[in-house]
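The chain contents come next:
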Amino acid sequence: MSPDKLVMMANQIGAFFASQGPGGVKGVADHIKSFWDPRMRAGILDHLDKGGEGLNPIVIQALESLRKA
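First things first, this report covers the structure right here in the doc. (Residues numbered from 1 in each chain as written. Predicted model: local features only at pLDDT ≥ 70, side-chain atom pairs only at ≥ 80, totals over all residues. Heavy atoms only, no water.)

### So, the packing of aromatic side chains
Phase 1: Scanning the model with the defined rule gives one aromatic pair in all.
Phase 2: Ring centres of Phe16 and Phe17 lie 5.0 Å apart, and the angle between their planes is 85°; on these two criteria the pair is classed as edge-to-face. (Phe/Tyr/Trp six-rings, centres within 6.5 Å; stacked < 30°, edge-to-face > 60°.)

Now the structure itself:
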């Protein structure tokens with residue numbers, strides 16, 4: 001899947017969980033961990049490693065938390 005598509009999907013998830021208030025970062029991380037296949041997760045993390053262009057801050061925080069887990 002293209003990085004642009006992954007960014008769009010991740011930002012949509014981020015927008016949903018941002019509206020949920022505190023815990024939004026955890027919500028994004030949990031969703032990506034539970035519902036994205038390993039190739040998608042690897043793709044978005046690779047995009048983040050290359051600067052993460054286009055990713056919303058809540059998504060960046062969530063992806064960084066996934067790395068630590």
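### Digging into the nonpolar core
Nonpolar side chains in soluble globular proteins tend to be buried together.
Phase 1: Counting residues in hydrophobic clusters, the biggest one holds 18 residues, and the most contacted among them are Val28, Ile32, Trp36, Ile44, Leu55 and Leu63.
Phase 2: Excluding anything up to four places from it in sequence, Ile32 contacts Ile13, Arg41, Leu63 and Leu66. (Core = buried A, V, L, I, M, F, W, Y, C linked by side-chain atoms within 4.5 Å. Buried < 20%, exposed > 50% of the residue type's maximum accessible area, 1.4 Å probe, protein only. Contact = heavy atoms within 4.5 Å.)

### Remarks on the packing of helix 1 (residues 3-18) against helix 2 (residues 24-35)
Phase 1: Two numbers describe how helix 1 lies on helix 2: the axes approach to 8 Å, and their chain directions differ by 140°. With respect to helix 2, the element helix 1 is oriented oblique. The two elements helix 1 and helix 2 meet at a crossing, and its hand is right-handed. On the side of helix 1, the interface is formed by Ile13, Gly14 and Phe17, while helix 2 contributes Gly24, Gly27, Val28, His31 and Ile32.
Phase 2: Taken together, the residues of the contact of helix 1 with helix 2 sort by class into four nonpolar, four polar and no charged. (Axes fitted to C-alpha atoms, helices over the stretch in contact; angles between N-to-C directions. Helix = DSSP H or I, 4+ residues; strand = E, 2+ residues; numbered from the N terminus. Parallel < 35°, antiparallel > 145°, perpendicular 65-115°, else oblique. Left-handed = near helix turned anticlockwise from the far one by under 90°. Nonpolar A, V, L, I, M, F, W, Y, C, P; charged D, E, K, R; others polar.)

### Here's the deal with the environment of Asp30
Phase 1: Here Asp30 shows up in helix 2.
Phase 2: Sequence-wise, Asp30 and Leu55 are 25 residues apart; in three dimensions their C-alpha atoms are separated by 17 Å.
Phase 3: In terms of polar contacts, Asp30 uses its side chain to reach the side chain of Lys26, at 2.7 Å. (Polar contact = N/O pair within 3.5 Å; in protein donor to acceptor, adjacent residues only side chain to side chain.)

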